[in-house]
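For reference, the chains in residue letters:
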Amino acid sequence: MATPLDADALDIDPLLDDPATRIVVCCGSGGVGKTTTAAALGVRAAERGRRTVVLTIDPARRLAQSMGLSELDNTPREVPGIDKAAGGELHAMMLDMKRTFDEIVETHADTDRAKAILENPFYQSLSTGFAGTQEYMAMEKLGQLRAGDEWDLIVVDTPPSRSALDFLDAPGRLGSFLDGKFIKLMMAPARVGGRAGMKVVNLGMAGLSLFTGALNKLLGAGLLRDVQTFIAAMDTMFGGFRTRADATYRLLQAPGTAFLVVAAPERDALREAAYFVERLAADRMPLAGLVLNRVHGSEAAGLSAERALAAAENLEDGGIVDREGGKVLDRDAPSAGPAAPEDGSPAVENPGHPRSVTTLGRAEKTETTTETAERTIAERTAAERTIPDVRSATDRTSTDGSTRDDGHGDAQGGEGGRDGEESRDSLHESRDGREDSAEVSVLAAGLLRLHADRMRLLARERRTRDRFMALHPDVPLAEVAALPGDVHDLDGLRAIGERLADQSRSAGPR
Amino acid sequence: MTGKGGTGKTTVAAALALALAHGGRRTLLVEVEGRQGIAQLFETEPLPYEERKIAVSHGNGEVYALAIDAERALLDYLQTFYKLGSAGRALKRLGAIDFATTIAPGLRDVLLTGKACEAVRRRDKRQRPVYDAVVMDAPPTGRIARFLGVNEEVAGLAKVGPVHNQAQAVMRVLKSPETAVHLVTLLEEMPVQETIDGIAELRAAGLPAASVVVNMVRPELPGEEQLLTAPGRTDEIAHAFARAGLGGARRGGRAERLVTPLLEQGREHAQRVRLERVLRAELSAQGLPVRELGLLSEGVELAGLYGLARELRGQWQNSGADAAGTDGKHP
Ligand SMILES: Nc1ncnc2c1ncn2[C@@H]1O[C@H](COP(=O)(O)OP(=O)(O)O)[C@@H](O)[C@H]1O
Ligand SMILES: Nc1ncnc2c1ncn2[C@@H]1O[C@H](COP(=O)(O)OP(=O)(O)O)[C@@H](O)[C@H]1O
Ligand SMILES: [Mg+2]
Ligand SMILES: [Mg+2]
């Protein structure tokens, strides 16, 4: 089925193969799969022949290990196990933000000055704890890798910030903070003049010194002095943080850079993705597309959640309790003959063949079934009671199930007539064989409930995606199926890359 | 309430505030990261820097909410201790307040924890606590020990005076049995690892790590293990499907065609559940109570939130442990 609203599919391979593509940035809110996607793209690009480096930030431990990264390290290392037949290579590194910062200082200041800065307590808290330093250093490192011109392709992961925009905003924020009025003012309290000075005069020097006094108390007396010394040293050293941040920002606008916004098919993640997409457009940054990661699909999408639930209930309820007596039947009770539909309430579990079903149900009941099934129902009820329409939806299915049962609206619609006969056949087989253990009923009911859950999840993901696509119809989209386990080895990364590239078989029916 | 981003920290904090309000109590839900997550969750306007009622719990309890703004809190703080008057606003215009709250991440944290502790200690005219419990949607697991421990550093820096006293008072509350730090996690590798690291850091800092809340737990499937171990029982399952009214079990019939994809889904699920079991065991080894909240496959709307609150209340009642504080009557 085509992607709704005619959104373009995102073509990953041409993007990775194009020699003009030099930087791919994977961004998005935390936990959506940025690091995984970046690593998967790196593996794929390398195995398709490009000399690639992946700059990862904060990868899961096992993923890092599988790429041969055992610790923070600012030098790219070659990733073992990559197929180099096509002439590519993969190198990877894990950003060490403090080390990157230290290197900036060391490159730009003479030894004594550098030493003074590195030992400055304010520098130490800035380089490790400041919100935004990680983003700033990621940009810085990207700038360095690009300047070296050693790589065909640089794939960049972005820091695990809550908001995708932080990657774009934080460096500038840090820059303007460090270049800010107040800092300048504090650095030169004696040279008060100009507009900032006027404000201070209006404010009253008393107010300012009261404030700095208060800060000194709050922060410890030495800190403000440390800040002043630090800023002075940095400022003369390389012309301000702002300038530096701006330069890297321009690099991101250059042709040859491609942004991939990664998101999970969830409301919050897609809201972030939407902000990011709008922001990229506003800043004229090249968006390659949206990667919708961890999308669920089903090979049995023709079976609706409602029908699956109704069927599961059939299996669970079917003849467990002798409704006339209200008692559980003895497991040794001889198989009852075809039972009459219960008092007044027709056995709607399986409209069309109510009697056969009741019979069978009775024939196979055991204590175990009852217990397990009841426990399952209780658990489910707990899980579902917060979803107001589940029960009623199920009831609805039961009563108008006869239409659904024909397979209308199902992928397999059109063979309803024949199914009736098939069912009867199979029922006869079962009655003879008796190999249908209670266990199988429980298992089958479980599978159906699982499927119902899956279908509901799928519907919700689809709604969320469609809302995004309606607002951003021009954004090319690639979907990546949720793998059953975590992704922590090269094979897992290859599987992700495969899914990214092959959108026809991405996450099953859309 | 802490947790790795995206694990449901805000959701679980809100559910706990609702649960603790049960039975005519009053709770305060505090947000400190300026995300307006609470407002989004309760589908209301963005919260101002002001306590206001946002929900009524089952049994007539009240939940108030507050989004603490660090800059405003600093102004209040300076006002209280230094009587800055209108100079405060001028400082703000100049960027001085921004400067101060950014320059030392610690200062922000002092202000945020200070404000929350003030709410904890606040009394009404009859000297009774205004709030029966204060639930904070705190910073993520990776930062929690530092966030809560920051006042210790401040008390050390400012040796005497009002700042010192305030910092000490905050630490007294945080380290007392009145405080409980709960860690929200998913049964996934990274959040579990962060949770284990977070517990160790909290303990090292003398802060009360109290429990782990595993969120978005998938239900186990009866007969789960068979899916991984036993060879396919395609025919039997096809018959069961047929009995359930899903079409004929004949070879190639509709019921049979459902078997393979559904079994595959079941196998994936079983594989996931097996992985989760390993992670769950790692969490249990931490020596803290572990509670679980189910995955709501329809997502968390308001109804879902109340459901989670009920779930939490039930679990706390059963275990007899405290969600917060020494007050045994709390859920
Ligand atoms: N398509 C996928 N299927 C299954 N698990 C995935 C998938 N993508 C990512 N993951 C898992 O999700 C977790 C978070 O992914 P990660 O790439 O570290 O996110 P981010 O970098 O955005 O925070 C990891 O444990 C990873 O293995
Ligand atoms: N038990 C749950 N079942 C289903 N979805 C959940 C559950 N708990 C949280 N969520 C969803 O997960 C997402 C992240 O939750 P949130 O509370 O915002 O996390 P955090 O504050 O840790 O970032 C939200 O979309 C939320 O609705
Ligand atoms: Mg990451
Ligand atoms: Mg949150």
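How each quantity is defined
- Residues numbered from 1 in each chain as written.
- Chains lettered and ligands numbered in written order.
- Predicted model: local features only at pLDDT ≥ 70, side-chain atom pairs only at ≥ 80, totals over all residues.
- Heavy atoms only, no water.
- Buried < 20%, exposed > 50% of the residue type's maximum accessible area, 1.4 Å probe, protein only.
- Helix = DSSP H or I, 4+ residues; strand = E, 2+ residues; numbered from the N terminus.
- Pairing = 2+ DSSP bridges.
- Near = heavy atom within 4 Å.
- Polar contact = N/O pair within 3.5 Å; in protein donor to acceptor, adjacent residues only side chain to side chain.
- Areas by Shrake-Rupley, 256 points an atom, 1.4 Å probe, with all protein chains shown as cover.
- Nonpolar A, V, L, I, M, F, W, Y, C, P; charged D, E, K, R; others polar.
- Domains from an automatic or database assignment.
- Contact = heavy atoms within 4.5 Å.
- Buried area = accessible area lost by both parts, 1.4 Å probe.
- Salt bridge = Lys/Arg side-chain N within 4 Å of Asp/Glu carboxyl O.

**Things to note about the pairing of strand β5 (residues 133–137) of chain B**
Residues and elements named next belong to chain B.
(1) Moving on: Where burial is concerned, most of β5 is hidden: four out of the five residues are buried.
(2) Moving on: Across five bridges, the pairing between strand β2 (residues 26–31) and β5 is parallel. By the bridge assignment for β5, Thr 27 is matched with Ala 133.

**As for the site of ligand 2**
All names here are of chain B.
(1) Moving on: In the vicinity of ligand 2 there are 16 residues, among which Gly 6, Lys 9, Thr 10, Thr 11 and Asn 215 approach most closely.
(2) Moving on: A distance of 2.8 Å is found between an oxygen atom of ligand 2 and a backbone nitrogen or oxygen belonging to Gly 6.
(3) Moving on: Leu 296 has a polar backbone atom sitting 2.9 Å from a nitrogen atom of ligand 2.
(4) Moving on: Within the complex, the protein chains bury 90% of what would otherwise be the 560 Å² of accessible surface of ligand 2.
(5) Moving on: Going through the elements one at a time, α1 (9–20) and β7 (209–217) are the ones with two or more residues in the shell around ligand 2.
(6) Moving on: Among the elements that line the shell around ligand 2, the one with the most residues is α1, at three residues.
(7) Moving on: Per-class residue counts for the shell around ligand 2 are four nonpolar, eight polar and four charged.

**Observations concerning the domain arrangement of chain B**
Residues and elements named next belong to chain B.
(1) Moving on: We note that the domain assignment places domain 1 (2–218 + 295–318) and domain 2 (222–279) within chain B.
(2) Moving on: On the domain 2 side, the residues contacting the five residues of domain 1 number four residues.
(3) Moving on: Across the interface of domain 1 and domain 2, roughly 560 Å² is buried in total on both sides, 62% from carbon and sulfur atoms.
(4) Moving on: It is Leu 187, Val 192 and Arg 218 that lose the most area in domain 1 upon contact with domain 2, and together they represent 85% of the buried surface on that side.
(5) Moving on: Connecting domain 1 to domain 2 are one salt bridge.
(6) Moving on: The residue Arg 218 makes a salt bridge to Glu 276 at a minimum N-O spacing of 3.1 Å.
(7) Moving on: The interface formed by domain 1 and domain 2 holds one residue pair in polar contact (both at pLDDT 80 or more) in total.
(8) Moving on: A class-by-class count of the residues in the side of domain 1 that touches domain 2 yields two nonpolar, no polar and three charged.

**Overview of unusual backbone geometry**
Residue and element names in this part refer to chain A.
(1) Moving on: One non-glycine residue, Asp 58, lies in positive phi territory at about 55 degrees.
(2) Moving on: Even without being a glycine, Asp 149 presents a positive backbone phi close to 55 degrees.
(3) Moving on: Structurally, Asp 149 is set in the loop between α7 (133–148) and β5 (153–156).

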